[in-house]
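# Structural description and commentary
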Amino acid sequence: MHLALTPEEADFRDEMRTLFTTKIPKEIRERSAAGNLNFPDDIVTTMRILNEEGIAVPNWPVADGGKDWTPVQRHIWQDQMNLAAVPEPLAFNAAMVGPVIAQFGSQEIKDRFLPATANLDIWWCQGFSEPEAGSDLASLKTKAVRDGDHYIVNGQKTWTTLAQYADWIFCLVRTDPDAPKKQAGISFLLIDMNSEGIERRPIQLIDGGHEVNEVWFTDVRVPVENLVGEENAGWSYAKFLLSNERGGIARVSYNKIRLARAKEIAASIPTPNGSLLDDPFTRARFVELENALLALELTQLRVVASDGDGKPNPVSSVLKLRGSELTQEVTELMTDLAGTDALTVFDPALDDAEWAHLAMPTYLNTRKVSIYGGSSEVQRTIIASGILGL
C-alpha cells in the first residue's frame, strides 16, 4: 500500500476540494459543519449542484450518470466532500435505490426514475424495517397481492427515515406467502407516497427530533410496472442495496472535523491552570481519539487499495464497527465539553454557544450508528469468521 497520492490523484484531490468549496454555498457548509442543516432545502440544493457538476452519483454505472473513477478517486471524492462540510448526496437516492434500479431495473424504469433520482427531483425513503422485522428482515409481513395490472399493498413499515419529505418509497413486500423459504417470496416495489391509502405517522426520538416515521399501507394500489426486476427476487436486490449502504460508515473525515472543532472549543474554555485543553486528562482523550482515527484512516486506505477485484472485503466490517465507536466517542467528548449547557435550549438572544446546545441531541442521535447498516454484534461475527477464521 502506498500512503502518498500519485500526482494525478493529488490533482484530482485539489480539483474536488476547489469544487466543493466554491460551488456549494458557504452558508450551507457552515450549517452542515454545525450540525444544523435546513431540511430538506439544503440537501436538495447541494445535490442538484453536485448533479449539475456531474459528481452527485459517481458510484452509478457510467451509462446511468456515474463516473469511471478508481476506488481511490471515489475515496478522495468522499473525503474532500466531508472535509469541506458539504452535505452528502441523499443516501436513499445515491447509494440505495439508484444503484438497485441501475443494476436490476428495465430500461423503461431506468429512464423513468434515474435522472430524477440523481437530481433529487424525487426524494426517496426506505421501506424495509417493520415492527417484527428489523434484524430478521426476511420476516417482513407487508404484502402485495396481484390484481390485474396492479398490486394491492397492505402492511406497516417503521423507522422510515425522513419519510416526511419523501415523494416515493422503495419497499420490500411479500408477494408469495407460500414460498418454501421466506426470503424467496419478497419483491422490490416502488410506491408513490401520495397514493391513496398511505399514512405517515411521526416518531419522536429521544433527542427531541422528528427523523423517523411509521408508514401504513391500506389497500394501496401500485402499478405492476413499478416492480423492479423480477417478482419474488427482491431479497437479492435488498442484499445488493445493503452492501452499498454499509460503505462509508467509517466516517473518518466527519470525525476528524468534529474532533478538531472540539479541540478549538477546549482551548477556549478557561480553567485555573490555563484552558481545558491544558488539562492532562482532557489532552489524553484528544490524543487517544486522534490516534484511533489515524489508525482507522490507514485501515480504510488499505481497504480502498484492495477494492479493485470487486469482491466483498470483510475488513469493511472493521471500518463499520470502529467507525461507529469513534463517532459515538467524539460526540460524547463534545457533550462533556458542553457540560450543563448541553441540557438547555439555545436562545440566540442570550448567548452564542449554539454548539453546546446541539451537543446533547447529536450525542443521543449517534447512538444509532452502532445499529444501522449492520449492528456492531453482526460486524464482530463477520470479523470473527471472515478475518480471524474462528
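If you're wondering where the values come from, they're calculated on a predicted model, not measured in any experiment.

Scoring rules and cut-offs
Residues numbered from 1 in each chain as written. Predicted model: local features only at pLDDT ≥ 70, side-chain atom pairs only at ≥ 80, totals over all residues. Heavy atoms only, no water. UniProt positions renumbered as here; feature names shortened; annotations may be inferred. Helix = DSSP H or I, 4+ residues; strand = E, 2+ residues; numbered from the N terminus. Pairing = 2+ DSSP bridges. Axes fitted to C-alpha atoms, helices over the stretch in contact; angles between N-to-C directions. Parallel < 35°, antiparallel > 145°, perpendicular 65-115°, else oblique. Left-handed = near helix turned anticlockwise from the far one by under 90°. Contact = heavy atoms within 4.5 Å. Nonpolar A, V, L, I, M, F, W, Y, C, P; charged D, E, K, R; others polar. Expected span 1.5 Å × (residues − 1). Buried < 20%, exposed > 50% of the residue type's maximum accessible area, 1.4 Å probe, protein only. Phe/Tyr/Trp six-rings, centres within 6.5 Å; stacked < 30°, edge-to-face > 60°. Lys NZ or Arg CZ within 6 Å of the ring centre and 35° of its normal.

### Comments concerning the UniProt feature "domain: Acyl-CoA oxidase/dehydrogenase middle" (unreviewed entry) in the protein
- The feature "domain: Acyl-CoA oxidase/dehydrogenase middle" (unreviewed entry), as annotated in UniProt, sits at residues 125-219 in this numbering.
- As annotated, residues 125-219 has a helix share of 0% and a strand share of 49%, and its two end C-alpha atoms lie 20 Å apart.

### Considerations on unusual backbone geometry
- At the junction of F39 and P40, the peptide bond is cis and its omega measures out at -5 degrees in the coordinates.
- Tracing the sequence through the fold places P40 in the loop between α2 (26-33) and α3 (41-52).
- Of note in the backbone geometry, A85 takes a positive phi value of approximately 60 degrees without being a glycine.
- Checked against the element boundaries, A85 lands in the loop between α4 (71-83) and α5 (91-104).
- At D219, a position not held by glycine, the phi torsion is positive, near 50 degrees.

### Some words on the pairing of strand β3 (residues 150-157)
- As judged from the five bridges shared by strand β2 (residues 143-147) and β3, these two strands associate in the antiparallel manner. Its bridge partner being in β3, R146 is matched across the sheet by Y151.
- Linkage of β2 to β3, two consecutive antiparallel strands, is achieved through a turn of two residues, within which G148 is found at a positive phi near 65 degrees.
- With seven bridges joining them, β3 and strand β7 (residues 210-223) adopt antiparallel strand pairing. Bridging from a neighbouring strand, I152 pairs with R221 of β7.

### Focus: the packing of α4 against helix α8 (residues 252-268)
- Running from N to C, α4 and α8 point in directions that differ by 25 degrees, and their axes come no closer than 8 Å. Relative to α8, α4 is oriented roughly parallel. Two packed elements cross with a definite hand, and for α4 against α8 that hand is right-handed. Here α4 contributes D79, N82 and L83 to the contact with α8, which in turn contributes S253, Y254 and I257.
- Looking at the contact of α4 with α8 residue by residue, the classes come out as three nonpolar, two polar and one charged.

### Quick notes on α5
- Relative to the 20 Å expected for 14 residues at 1.5 Å per residue, α5 spans 18 Å between its end C-alpha atoms, a close match to the ideal helical length.
- Of all 14 residues making up α5, 10 are buried, and the element is well covered by its neighbours.

### Notes on the environment of A133
- Residue placement: A133 occurs in the loop between β1 (124-127) and β2.
- A relative accessible area of 0% means that A133 is categorised as buried.
- Residues A133 and N93 lie 40 residues apart in sequence; the distance between their C-alpha atoms is 23 Å.
- If we ignore the near neighbours within four places in the chain, the residues touching A133 are F128, S139 and L140.

### Observations concerning the packing of aromatic side chains
- Enumeration according to the criterion identifies 13 aromatic pairs in this entry.
- Their ring planes at 85 degrees and their centres at 5.9 Å tell us that F128 and F170 sit as a pair that is edge-to-face. In this pair, F128 sits in the loop between β1 and β2 while F170 sits in strand β4 (residues 168-174), placing the two residues 42 residues apart along the sequence.
- Its relative accessible area of 4% is what places F128 among the buried residues.
- Among the aromatic residues, ring-to-ring pairing joins F113, W124, F128, W168, F170 and F188 into one connected group.
- Seen from the ring of Y254, R251 lies directly overhead, with NZ or CZ sitting 4.0 Å from the centre.

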